[in-house]
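# Observations on the three-dimensional arrangement
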Amino acid sequence: MPISQVVVNASPLIALFNSRQAELLPQLFEDIIIPRGVWEEVTVRTPADLAAQQLKETSWVQRVETVQISAKIAAWDLGQGESEVLSWIVRYPNYTGIVDDLAARRCADALAVYVI
């Protein structure tokens, strides 16, 4: 089954923007969610940072202001962005998380939610 809805963590976004490959995301996925914690982690970087500049100007992302962190995920003591991404996919299982953090991937496995 093709993946059409994703919620993305900061490191994959930063890597894609800084390598000038971020346009792959809207080519591959229909809905691209960026939780507030992820948004802040990317945009707080130095003003000269390509990811910080471009994310603010990107029209194909949907910024989500509030993601309630699941107690099951909070127990893993992950970063804010990882916790918001995983909490989103627990609540909306039709979404796939894009994460690179090993602890976040292990948490996803433990909760039986899908990440790439």
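Up top you'll find the structure we're talking about.
In what follows, the accompanying structure is described. (Residues numbered from 1 in each chain as written. Predicted model: local features only at pLDDT ≥ 70, side-chain atom pairs only at ≥ 80, totals over all residues. Heavy atoms only, no water.)

Close contact between helix α1 (residues 10-18) and helix α4 (residues 50-57) brings their axes to 8 Å; oriented N to C, the two are set at 95°. Taken together, the axis directions place α1 and α4 in an arrangement best described as roughly perpendicular. When α1 is examined against α4, the residues Ile14, Phe17 and Asn18 are found in contact with a partner set consisting of Leu50, Ala51, Gln54 and Leu55. Classifying every residue of the contact of α1 with α4 by side-chain character gives five nonpolar, two polar and no charged. (Axes fitted to C-alpha atoms, helices over the stretch in contact; angles between N-to-C directions. Helix = DSSP H or I, 4+ residues; strand = E, 2+ residues; numbered from the N terminus. Parallel < 35°, antiparallel > 145°, perpendicular 65-115°, else oblique. Contact = heavy atoms within 4.5 Å. Nonpolar A, V, L, I, M, F, W, Y, C, P; charged D, E, K, R; others polar.)

Counted by the stated rule, this structure contains two salt bridges. Put simply, Glu40 and Arg36 hold a salt bridge, and the shortest N to O gap is 3.6 Å. Within this pair, Glu40 and its partner Arg36 are both found in helix α3 (residues 36-43), separated by four residues, close to a single helical turn. Given the relative accessible area of 41%, Glu40 is considered partly exposed. (Salt bridge = Lys/Arg side-chain N within 4 Å of Asp/Glu carboxyl O. Buried < 20%, exposed > 50% of the residue type's maximum accessible area, 1.4 Å probe, protein only.)

Unusually for a residue other than glycine, Asp77 sits at a positive phi of about 55°. Here Asp77 shows up in the loop between α5 (71-74) and α6 (80-91). In this structure, Ala112 is a non-glycine residue whose phi angle is positive, near 60°. Looking at the secondary structure, you find Ala112 in the segment after α7 (102-111).

Through backbone hydrogen bonds, the strands of a sheet pair up, either in parallel or in antiparallel fashion. Strands sit in the order β3-β2-β1-β4 across an open sheet of four strands; the sheet is parallel. If you trace the sheet from one side to the other, it starts and ends with β3 (62-64) and β4 (96-98), each paired once. Strand-to-strand, the axes of this sheet are offset by a mean angle of 30°, without reference to chain direction. Where strand β1 (residues 5-8) meets β4, three bridges bridge the pair, whose relative direction is parallel. By the bridge assignment, Val6 is partnered in β4 with Thr96. Across the sheet, α3 touches β1, β2 (31-35) and β3, and the angle it forms with β2 is around 75°. (Pairing = 2+ DSSP bridges.)

Bringing the pairing of β1 into the picture now. On a regular strand, each side chain points to the face opposite its neighbour's, so the side chains alternate between the two faces of the sheet. Neither face of β1 is left uncovered, since the one carrying Gln5 and Val7 and the one carrying Val6 and Val8 both have all their residues buried. Judged from the three bridges that link them, β1 and β2 form a sheet pairing that is parallel. By the bridge assignment, Gln5 is partnered in β2 with Asp31.

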